[in-house]
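Descriptive structure summary
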Amino acid sequence: MNEAERPTGIELVRDSSLRIRWADGHESELPLLLLRQRCPCATCRHEREQAGSAGSALRVLPHAAAVDRGRMTTAESAELVGHYALRIRWRDGHDLGIFDYAMLRRLCPCPACGSLADRP
Ligand SMILES: [Zn+2]
(Lines give C-alpha, C1' and ligand atoms only; values in the text may rest on other atoms or scores of the structure.)
Protein backbone atom coordinates (compact mmCIF):
# COMPACT_ATOMS: atom_id res chain seq x y z
CA MET A 1 0.00 0.00 0.00
CA ASN A 2 1.09 3.54 -0.69
CA GLU A 3 2.87 4.92 2.40
CA ALA A 4 1.08 8.23 1.96
CA GLU A 5 -2.27 6.46 2.34
CA ARG A 6 -1.42 4.21 5.28
CA PRO A 7 -2.13 5.64 8.74
CA THR A 8 0.13 4.71 11.62
CA GLY A 9 -1.93 6.60 14.18
CA ILE A 10 -5.48 7.93 14.29
CA GLU A 11 -6.90 10.18 16.97
CA LEU A 12 -10.46 11.43 17.03
CA VAL A 13 -10.99 14.75 18.74
CA ARG A 14 -14.74 14.41 18.95
CA ASP A 15 -15.81 17.99 18.77
CA SER A 16 -13.28 19.29 16.32
CA SER A 17 -11.11 17.10 14.18
CA LEU A 18 -9.61 13.81 13.14
CA ARG A 19 -5.84 13.60 13.44
CA ILE A 20 -3.96 11.11 11.35
CA ARG A 21 -0.27 10.31 11.27
CA TRP A 22 0.74 8.68 8.00
CA ALA A 23 3.42 6.11 7.27
CA ASP A 24 5.33 8.63 5.16
CA GLY A 25 5.69 10.89 8.23
CA HIS A 26 2.99 13.39 7.27
CA GLU A 27 0.36 14.42 9.83
CA SER A 28 -3.12 15.58 8.92
CA GLU A 29 -5.66 17.40 11.04
CA LEU A 30 -8.99 17.08 9.28
CA PRO A 31 -11.78 19.31 10.58
CA LEU A 32 -14.93 17.28 11.28
CA LEU A 33 -17.02 19.85 9.46
CA LEU A 34 -15.02 19.16 6.31
CA LEU A 35 -15.47 15.42 6.71
CA ARG A 36 -19.21 15.71 7.21
CA GLN A 37 -19.48 17.93 4.15
CA ARG A 38 -17.66 15.28 2.17
CA CYS A 39 -19.46 12.27 3.65
CA PRO A 40 -19.22 9.67 0.89
CA CYS A 41 -22.41 7.73 1.69
CA ALA A 42 -25.16 7.56 -0.92
CA THR A 43 -27.62 9.63 1.12
CA CYS A 44 -25.26 12.55 1.60
CA ARG A 45 -24.02 12.40 -1.97
CA HIS A 46 -27.62 12.57 -3.14
CA GLU A 47 -28.32 15.56 -0.91
CA ARG A 48 -25.31 17.38 -2.27
CA GLU A 49 -26.43 16.66 -5.81
CA GLN A 50 -29.89 17.98 -5.02
CA ALA A 51 -28.35 21.12 -3.63
CA GLY A 52 -26.71 21.38 -7.01
CA SER A 53 -24.37 24.13 -7.90
CA ALA A 54 -25.42 26.61 -5.21
CA GLY A 55 -22.55 28.44 -3.58
CA SER A 56 -20.43 26.37 -1.27
CA ALA A 57 -21.96 27.95 1.84
CA LEU A 58 -25.37 26.67 0.77
CA ARG A 59 -24.15 23.32 -0.35
CA VAL A 60 -22.93 22.69 3.17
CA LEU A 61 -25.35 20.40 5.00
CA PRO A 62 -28.29 21.77 3.06
CA HIS A 63 -31.19 20.46 5.11
CA ALA A 64 -29.76 20.97 8.55
CA ALA A 65 -31.38 23.39 10.93
CA ALA A 66 -28.80 25.49 12.70
CA VAL A 67 -29.50 23.63 15.92
CA ASP A 68 -28.65 20.29 14.31
CA ARG A 69 -25.39 21.36 12.82
CA GLY A 70 -23.47 20.97 16.03
CA ARG A 71 -24.58 17.36 16.26
CA MET A 72 -23.87 16.72 12.61
CA THR A 73 -20.31 17.89 12.91
CA THR A 74 -19.48 16.24 16.22
CA ALA A 75 -18.29 12.65 16.04
CA GLU A 76 -19.29 9.99 18.52
CA SER A 77 -16.72 7.47 17.40
CA ALA A 78 -14.54 6.31 14.55
CA GLU A 79 -13.95 2.66 13.81
CA LEU A 80 -11.64 0.89 11.42
CA VAL A 81 -13.18 -0.82 8.42
CA GLY A 82 -10.88 -3.54 7.18
CA HIS A 83 -7.43 -2.23 6.37
CA TYR A 84 -8.48 0.54 4.13
CA ALA A 85 -11.02 2.84 5.71
CA LEU A 86 -12.61 4.48 8.71
CA ARG A 87 -16.29 4.67 9.56
CA ILE A 88 -17.34 7.78 11.46
CA ARG A 89 -20.40 7.75 13.69
CA TRP A 90 -21.78 11.23 14.08
CA ARG A 91 -23.57 12.68 17.07
CA ASP A 92 -26.83 12.91 15.12
CA GLY A 93 -26.74 9.14 14.57
CA HIS A 94 -25.50 9.16 10.99
CA ASP A 95 -22.93 6.41 10.46
CA LEU A 96 -23.11 5.36 6.84
CA GLY A 97 -20.07 7.22 5.65
CA ILE A 98 -16.98 5.12 5.13
CA PHE A 99 -13.93 7.24 4.49
CA ASP A 100 -11.16 5.36 2.79
CA TYR A 101 -7.62 6.39 3.65
CA ALA A 102 -6.82 7.60 0.17
CA MET A 103 -9.75 9.99 0.43
CA LEU A 104 -8.74 11.17 3.90
CA ARG A 105 -5.23 11.87 2.72
CA ARG A 106 -6.61 13.76 -0.27
CA LEU A 107 -8.68 15.95 2.08
CA CYS A 108 -5.68 16.98 4.17
CA PRO A 109 -5.99 20.77 4.44
CA CYS A 110 -2.41 21.53 5.46
CA PRO A 111 -0.52 24.06 3.35
CA ALA A 112 1.57 21.37 1.71
CA CYS A 113 -1.47 19.33 0.65
CA GLY A 114 -4.02 22.16 0.56
CA SER A 115 -3.93 22.71 -3.15
CA LEU A 116 -5.29 19.20 -3.60
CA ALA A 117 -8.20 19.57 -1.20
CA ASP A 118 -10.82 20.59 -3.70
CA ARG A 119 -10.25 17.76 -6.07
CA PRO A 120 -13.18 15.38 -6.30
ZN1 LIG B 1 -23.41 10.44 4.86
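Residues numbered from 1 in each chain as written. Predicted model: local features only at pLDDT ≥ 70, side-chain atom pairs only at ≥ 80, totals over all residues.

**Here's the deal with the overall build of the protein**
Summing up its helical and strand segments, the protein has five helices and six strands in all. Secondary structure elements of the protein occur, N-terminal to C-terminal, as β-β-β-α-α-α-α-β-β-β-α. (Helix = DSSP H or I, 4+ residues; strand = E, 2+ residues; numbered from the N terminus.)

**Some details on the sheet that holds strand β5 (residues 85-90)**
Paired through their backbone hydrogen bonds, the strands of a sheet run either parallel or antiparallel. The three strands lie next to each other as β4-β5-β6, forming an open sheet whose pairing is antiparallel. With one partner strand each, in any of the chains shown, β4 (75-81) and β6 (98-100) form the two edges of the open sheet. Averaged over all adjacent pairs, the angle separating strand axes in this sheet is 25°, with direction ignored. (Pairing = 2+ DSSP bridges. Axes fitted to C-alpha atoms, helices over the stretch in contact; angles between N-to-C directions.)

**Regarding the nonpolar core**
The nonpolar side chains of a soluble globular protein tend to be buried, and buried together. Membership of the largest hydrophobic core comes to 17 residues, with the highest contact counts inside it found for L18, L30, L35, I88, F99 and L104. In this view, L35 contacts L18, L30, I88 and F99; residues no more than four positions away in its chain are not counted. (Core = buried A, V, L, I, M, F, W, Y, C linked by C-beta atoms within 7 Å. Buried ≥ 20, exposed ≤ 12 C-beta atoms within 10 Å, placed from the backbone. Contact = placed C-beta atoms within 7 Å.)

**Observations concerning the sheet that holds strand β1 (residues 7-13)**
Strand order in the open sheet made by the three strands is β1-β2-β3, with antiparallel pairing throughout. Both edges of this open sheet fall to β1 and β3 (27-31), since each of them pairs with a single strand only. Strand-to-strand twist across the sheet, computed as the mean angle between neighbouring axes with direction ignored, equals 15°.

**Considerations on the environment of D24**
Relative to the helices and strands, D24 is located in the loop between β2 (17-22) and β3. Taking the C-beta count within 10 Å as the criterion, D24 has 12 such neighbours and is therefore assigned exposed. Spatially, the C-alpha atom of D24 lies 5.3 Å from that of A4, the residues being 20 residues apart in sequence. Apart from residues lying up to four places away in sequence, D24 is in contact with E3 and A4.

**Description of the environment of D100**
Turning to its location among the elements, D100 is positioned in strand β6. The class of D100 is partly exposed, set by 15 C-beta atoms lying within 10 Å. Expressed as a C-alpha distance, the spacing of D100 and Y84, which sit 16 residues apart in the sequence, is 5.7 Å. In contact with D100, other than residues within four places in its own chain, are Y84 and A85.

**Looking at the pairing of β4**
Taken residue by residue, a regular strand's side chains alternate between the two faces of the sheet. Two elements, β4 and β5, share six bridges in a ladder whose sense is antiparallel. By the bridge assignment for β5, E79 is matched with R87. Hairpin connection of β4 to β5: three residues between the antiparallel strands, including G82 at a positive phi of 55°.

**Describing the pairing of β2**
Residues L18, I20 and W22 line the buried face of β2, whereas the alternating positions S17, R19 and R21 sit on a face that is not buried. In terms of strand pairing, β1 meets β2 through six bridges, oriented antiparallel. Residue pairing for β2: E11 is matched across the bridge by R19. Hairpin connection of β1 to β2: three residues between the antiparallel strands. With five bridges joining them, β2 and β3 adopt antiparallel strand pairing. Note that in β3 the partner of S17 across the bridge is P31. Counting the residues that bridge the hairpin from β2 to β3 gives four residues, and of these G25 lies at a positive phi of roughly 95°.

On their own, these measurements won't tell you what the molecule is for.
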